Amino acid sequence: MLKKLTESLLTCPIVKKGEYNYFVHPITDGISYIDAHLLREVAIGMIRLLDLKDVRYIVAAEAMGIPIGTAISLMTDIPLNIIRKRSYGLAGEQEVAQKTGYSKGQMYVNGLSRGDRVVIVDDVISTGGTINGIVQTLSDMGVEIAGICFAIKKGKPQVDMPYTYLVAIEVTDAVRIVDCQL
């Protein structure tokens, strides 16, 4: 299991951004393309790790959570709800404060209601800043979070509730797989 994901991580390019080694990967960046077999493998892995019983929505953050959430939605027939980086000003819209190791901003939740049972999926977790903002906002809204799953865990994120991931990596001048959940 996860053969395509691990192989693609081990061979992905590393670019230097100042002192930061950044891995460039189809699941986290959409570059150069997202192979259907790789996306399917990630979606199946997450479905195996998540408790989808009575889940009303798959929740994914823009941008790279969208392909993963879409694949899971298509496989499970559970609707997808996307947390957007832009406000639409719709009734009930909630703002998410997002702060990561390299950015700060707002995201916006629409279409979720008190009592909705959801799972959250995303491409990568490194600091925990984005997911903590999402968890706080959804909790304040009375939304039940049944599970959180990331394709890739990098570093030692500080997260306010339990989560799972498919693979954990370290990035130096190359990617090294340090853990695999399946």
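To be clear, the structure that these remarks concern was listed above.
Residues numbered from 1 in each chain as written. Predicted model: local features only at pLDDT ≥ 70, side-chain atom pairs only at ≥ 80, totals over all residues. Heavy atoms only, no water.

Draft legend 1. Main features of the overall build of the protein. Looking only at helices and strands, the protein features five helices and ten strands. Each principal axis of the C-alpha atoms in the protein carries an extent, and together these give about 45 × 35 × 30 Å. Looking at the protein as a whole, 48% of its 182 residues are labelled buried. In the protein, once contacts between residues fewer than 6 apart in sequence are set aside, the share between residues at least 24 apart is 61%. In the form shown here, the protein has an accessible surface area of approximately 9,200 Å², with 49% of it arising from carbon and sulfur atoms. Taking the average location of the 19 positive side-chain charges in the protein and that of its 20 negative ones, the two points are 2 Å from each other. (Helix = DSSP H or I, 4+ residues; strand = E, 2+ residues; numbered from the N terminus. Buried < 20%, exposed > 50% of the residue type's maximum accessible area, 1.4 Å probe, protein only. Contact = heavy atoms within 4.5 Å. Areas by Shrake-Rupley, 256 points an atom, 1.4 Å probe, with all protein chains shown as cover. Lys, Arg positive; Asp, Glu negative; His and termini not counted. Charge placed at Lys NZ, Arg CZ, Asp CG, Glu CD.)

Draft legend 2. Spotlight on helix α5 (residues 129-141). Taking 1.5 Å of rise per residue, the 13 residues of α5 would be expected to cover 18 Å, and the 19 Å separating its terminal C-alpha atoms lies within 8% of that figure. Within α5, ten of the 13 residues are buried, which leaves the element mostly enclosed by the surrounding structure. Considered for burial, the residues of α5 that qualify are G129, T130, I131, N132, G133, I134, V135, T137, L138 and M141. The elements touched by buried residues of α5 are β3 (57-61), β4 (80-83), β5 (94-99), β6 (104-109), β7 (117-125) and β8 (144-154). G142, located one to two residues past α5, shows a positive phi value of around 85°. (Expected span 1.5 Å × (residues − 1).)

Draft legend 3. A look at the packing of helix α3 (residues 36-49) against helix α4 (residues 65-76). Relative orientation of the contacting elements α3 and α4 amounts to 65°, with a least axis distance of 9 Å. Considering their axes alone, α3 and α4 lie roughly perpendicular with respect to each other. Classified by chirality, the crossing of α4 by α3 is right-handed. Residues L39, R40, V42, A43, I44, M46 and I47 of α3 form the contact with α4, whose own contacting residues are P67, I68, A71, I72, M75 and T76. (Axes fitted to C-alpha atoms, helices over the stretch in contact; angles between N-to-C directions. Parallel < 35°, antiparallel > 145°, perpendicular 65-115°, else oblique. Left-handed = near helix turned anticlockwise from the far one by under 90°.)

Draft legend 4. Representation of the nonpolar core in the model. L5, V42, M46 and I68 are the most contacted members of the largest nonpolar core, which totals 30 residues. Of all the secondary-structure elements, those providing two or more residues to this core are α1 (3-10), α3, β3, α4, β7, β8 and β9 (164-171). In terms of residue count, α3 provides more of this core than any other element does, five residues in total. Excluding its chain neighbours within four sequence positions, the residues that come into contact with I68 are I27, L39, V42, M46, V121, D122, D123 and A151. Core analysis: the next-biggest nonpolar cluster, separate from the first, contains 22 residues, M107, V118, I120 and V135 among them. (Core = buried A, V, L, I, M, F, W, Y, C linked by side-chain atoms within 4.5 Å.)

Draft legend 5. Fine view of the side chain of E93. Positionally, E93 belongs in the loop between β4 and β5. For the buried residue E93, which engages in no salt bridge, the nearest side chain bearing the opposite charge is R86, 8.8 Å off. At 2.6 Å, the side chain of E93 and the side chain of S87 are in polar contact. Separated by 3.2 Å, the side chain of E93 and the backbone nitrogen of G89 make a polar contact. Filtering out sequence-adjacent residues up to four positions away, E93 remains in contact with S87, Y88, Y108, V109 and N110. (Salt bridge = Lys/Arg side-chain N within 4 Å of Asp/Glu carboxyl O. Polar contact = N/O pair within 3.5 Å; in protein donor to acceptor, adjacent residues only side chain to side chain.)

Draft legend 6. Molecular detail of the environment of R114. Mapping R114 onto the fold places it in the loop between β6 and β7. Classification of R114 as exposed rests on a relative accessible area of 64%. Spatially, the C-alpha atom of R114 lies 31 Å from that of I27, the residues being 87 residues apart in sequence. For R114, the residues in contact, after removing those within four places along its chain, are D140, M141 and G142.

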